[in-house]
Amino acid sequence: MSDPSSVIDDLHRESEELDLLVGGLTEERWRLATPAPRWTVAHQIAHLAWTDRSALLAVTDGEAFAKEVEKAIAAPGGFVDEGADEGAARPPAALLADWRSGRRALEDSLRAAPAGTRFPWYGPPMSAASMATGRLMETWAHGQDVADALGVTRTPTDRLRHVVRIGVRARDFAFGVRGLTPPDGEFRVELESAAGELWTYGPEDAPQRVTGPALDFCLLVTQRAHRADLAVRAQGPDADRWLDIAQAFAGPPGEGRGPGRARTQEKGR
């Protein structure tokens with residue numbers, strides 16, 4: 001993606017949609033439990049604010065970001081939770097203001113980044129478009145946790161295309177992070193969008209394929225729902241294995257959700 005403007009625009013819209021969910025919450029509702037163990041609504045927003053700050057450092061101050069990476073290496077099992085705990089302990093108004101200012105500063109910095117610039121990250125270096133796509137994926141996924149806690153139904157949008165793209169591109173990572181050899185050759189992935197479009201990836205004649213609603217695929221690769229509760233289907237043994245382990249996010253494998261999780265989001269079919 002040579003011009004990051006469109007995905008940055010979509011990141012802005014995704015963030016604003018989540019802001020509408022939390023902006024008017026009472027302090028009591030900020031403390032509601034979400035599907036993530038031990039994390040409240042406040043933890044979810046605190047995590048997004050923390051990650052936005054890290055991304056902003058990566059874009060604007062590589063040396064300062066390198067120190068953050070050192071902290072992560074020193075405490076690989078706890079630095080994410082520690083950041084969320086610290087933010088969630090703040091008054092909701094202060095946390096909300098922090099998230100708003102941080103995400104806007106990041107958006108401005110990504111728009112101003114010279115074309116072709118790549119920024120350091122916890123994994124491989126990221127372009128402005130890749131950074132914005134990653135932030136959109138996380139905002140959508142943690143927004144789903146918030147929606148679940150609040151009992152809110154979200155209508156899927158075409159912004160899910162960005163989440164799908166990360167999920168497809170992260171196929172080999174999902175195998176590698178579990179010590180498994182990635183399959184040879186691409187899969188064919190065919191997913192139906194909320195608007196009824198068919199989003200396709202990989203060779204049309206690939207012997208192994210994945211099909212289903214784009215929303216369900218996004219819930220799967222962000223580990224917001226169990227495969228058994230979704231209408232994503234695999235054809236071929238490697239594709240079938242992928243659906244058991246798929247993840248769109250960096251870092252160690254997540255535990256995901258157990259089967260039987262209540263759905264609070266329309267399938268959009």
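Presented here is an overview of the structure given in this document. These numbers come from a predicted model, not from an experiment. (Residues numbered from 1 in each chain as written. Predicted model: local features only at pLDDT ≥ 70, side-chain atom pairs only at ≥ 80, totals over all residues. Heavy atoms only, no water.)

1. A look at the packing of helix H1 (residues 5–22) against helix H7 (residues 128–150)
Definition in use: In this analysis, axes come from line fits to C-alpha atoms, helices being fitted only over the stretch in contact, and the angle between any two N-to-C directions falls in the range 0 to 180 degrees. Under the scheme used here, helices are H or I runs from DSSP no shorter than 4 residues and strands are E runs no shorter than 2 residues, and both carry numbers assigned from the N terminus. Geometric relationships in this document are graded by angle, where less than 35 degrees denotes roughly parallel, more than 145 denotes roughly antiparallel, 65 to 115 denotes roughly perpendicular, and other angles denote oblique. Left-handed describes a crossing whose near helix is turned anticlockwise from the far helix by less than a right angle; the clockwise case is right-handed. Residues count as neighbours in contact if any of their non-hydrogen atoms are within 4.5 Å of one another. Polar here means any residue outside two lists: the nonpolar Ala, Val, Leu, Ile, Met, Phe, Trp, Tyr, Cys and Pro, and the charged Asp, Glu, Lys and Arg; Gly therefore counts as polar.
Two elements in contact, H1 and H7, have axes whose closest approach is 9 Å; the angle formed by their N-to-C orientations is 20°. Comparing the axis directions of H1 and H7 gives the class roughly parallel. For the element pair H1 and H7, the recorded crossing hand is left-handed. Where H1 approaches H7, its residues Val7, Ile8, Asp10, Leu11, Glu14, Ser15, Leu18, Leu21 and Val22 are matched on the opposing element by Ala129, Ala132, Thr133, Arg135, Leu136, Thr139, Trp140, Gly143, Val146, Ala147 and Leu150. Split by residue class, the contact of H1 with H7 holds 13 nonpolar, four polar and three charged.

2. Describing the packing of helix H3 (residues 41–60) against helix H4 (residues 62–74)
Between H3 and H4, the shortest axis-to-axis distance is 6 Å and the interhelical angle comes to 135°. Relative to H4, H3 is oriented oblique. H4 is crossed by H3, and the crossing has left-handed handedness. Where H3 approaches H4, its residues Ser54, Leu57, Ala58 and Thr60 are matched on the opposing element by Gly62, Ala64, Phe65 and Glu68. Its residues placed into classes, the contact of H3 with H4 shows four nonpolar, three polar and one charged.

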